[in-house]
Amino acid sequence: FALFWIAKLAYSALYRRVDLNAELFTRDNQALAISTVGYYFGILIAFGGAISGESQGLSTDVVTIGIYGLSAIALMLLASFMCEKILLPSFDNTKEVVEDRNLGVGFVEAGVYLANGLIILRATEGDAGGASSAVSTLSAVGSGMLVLLAFWLLAQVVLVVAGRLYE
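Cut-offs used in this document
- Residues numbered from 1 in each chain as written.
- Predicted model: local features only at pLDDT ≥ 70, side-chain atom pairs only at ≥ 80, totals over all residues.
- Heavy atoms only, no water.
- Phe/Tyr/Trp six-rings, centres within 6.5 Å; stacked < 30°, edge-to-face > 60°.
- Helix = DSSP H or I, 4+ residues; strand = E, 2+ residues; numbered from the N terminus.
- Buried < 20%, exposed > 50% of the residue type's maximum accessible area, 1.4 Å probe, protein only.
- Expected span 1.5 Å × (residues − 1).
- Polar contact = N/O pair within 3.5 Å; in protein donor to acceptor, adjacent residues only side chain to side chain.
- Lys, Arg positive; Asp, Glu negative; His and termini not counted.
- Salt bridge = Lys/Arg side-chain N within 4 Å of Asp/Glu carboxyl O.
- Contact = heavy atoms within 4.5 Å.
- 1 Å grid on protein atoms, 1.4 Å probe; cavity = no way out; pocket = protein on both sides within 12 Å on 5 of 7 lines; lining within 4 Å.
- Points joined across faces, edges and corners; volume = space filled by probe spheres on them.
- Patch = residues over 30% accessible without salt bridge, like charges linked within 9 Å, V, L, I, M, F, W, Y side chains within 5 Å.
- Areas by Shrake-Rupley, 256 points an atom, 1.4 Å probe, with all protein chains shown as cover.
- Core = buried A, V, L, I, M, F, W, Y, C linked by side-chain atoms within 4.5 Å.

Student: Can you break down the packing of aromatic side chains residue by residue, with the values?
Tutor: All told, the structure shown has 6 aromatic pairs when counted by the stated rule. Consider the rings of Tyr11 and Tyr39, whose centres lie 4.5 Å apart with planes at 25 degrees: the pair is stacked. Placement of Tyr11 in helix α1 (residues 2-15) and of Tyr39 in helix α3 (residues 30-51) is noted, with a sequence separation of 28 residues between them. When its relative accessible area of 0% is taken as the criterion, Tyr11 is described as buried. Between Tyr39 and Tyr40 the ring centres are 5.9 Å apart and the planes differ by 55 degrees, which places this aromatic pair in the tilted class.

Encoded structure:
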């Protein structure tokens, strides 16, 4: 729950810089609702990889989930930035979603979040990147992070190429 709260704060304070309650409940902004729900679902899906696998003990699990969870939030926000700058370069996504209430951009962003959540989930599933009793937790998390970053970067290239080909 703490990681989800951090993800919510990062989305509304760092990325969107909007008052979500006012936009969603006062202005009834459906485009922002779609984008935000896509982000939240993507984050929850991404967190699934960190909590899957066998337990390595409470303290180790908390550290592993914390590292992978914060990494998932950072990668999701980076994917948001890439979506705006590479997939939709002629748009200001925040203006389109918040001010213009552009449902198309909201759906594209939601799709990017869900796709990235699935990518992060699959790259982080398991026990600390394949940790075993013979391997220290720190090195296992470090190698797991390298796997996560490698597959996430590869997937971003595929998403961009597929997005461009679809256009």
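Additional details are given in the paragraphs that follow.
Student: Report on helix α6 (residues 103-124), specifying residues and quantitative values.
Tutor: The first and last C-alpha atoms of α6 sit 31 Å apart over 22 residues, in line with the 32 Å expected at 1.5 Å per residue. Its side-chain oxygen at 2.9 Å from the backbone nitrogen of Gly104, Asn102 defines the N-terminal cap of α6.

Student: Report on the side chain of Glu96, specifying residues and quantitative values.
Tutor: Locating Glu96 in the fold gives a position in helix α5 (residues 93-99). Nearest to the buried, unbridged Glu96 among oppositely charged side chains is Lys95, at 4.6 Å. Residues in contact with Glu96, not counting those within four places in the same chain, are Phe91, Arg101, Asn102 and Val105.

Student: Which residues make up unusual backbone geometry, and what are the values?
Tutor: For Arg17, which is not a glycine, the phi torsion comes out positive at approximately 55 degrees. In this structure, Arg17 sits in the loop between α1 and α2 (20-26).

Student: Describe empty space enclosed by the protein, naming the residues involved and giving the relevant values.
Tutor: Applying the stated criterion to the full structure yields 1 cavity of 30 Å³ or more. Approximately 60 Å³ is the volume attributed to the largest cavity. Put simply, the parts of the chain that give the lining of the largest cavity at least two residues each are α4 (58-87), α6 and α7 (137-166). Top contributing element to the lining of the largest cavity by residue count: α4, with 4 residues.

Student: Can you lay out a nonpolar patch on the surface for me, pointing to particular residues and giving the numbers?
Tutor: On the surface, Trp5, Ile6, Leu9 and Leu70 cluster together to form a nonpolar patch covering roughly 400 Å² of accessible area. The element that contributes the greatest number of residues to the nonpolar patch is α1, accounting for 3 residues. Here Leu70 shows up in helix α4.

Student: Outline the nonpolar core, listing residues and values.
Tutor: A general tendency of soluble globular proteins is for nonpolar side chains to be buried together. Of all hydrophobic cores here, the largest spans 39 residues; its most connected members are Tyr39 and Ile73. Listing elements by their share of this core, those giving two or more residues are α1, α3, α4, α5, α6 and α7. If one sorts the elements of this core by residue count, α4 sits on top with 10 residues. Not counting residues up to four positions away in its chain, the partners in contact with Ile73 are Leu3, Ile6, Ala7, Ala10, Tyr39, Ile43 and Phe47.

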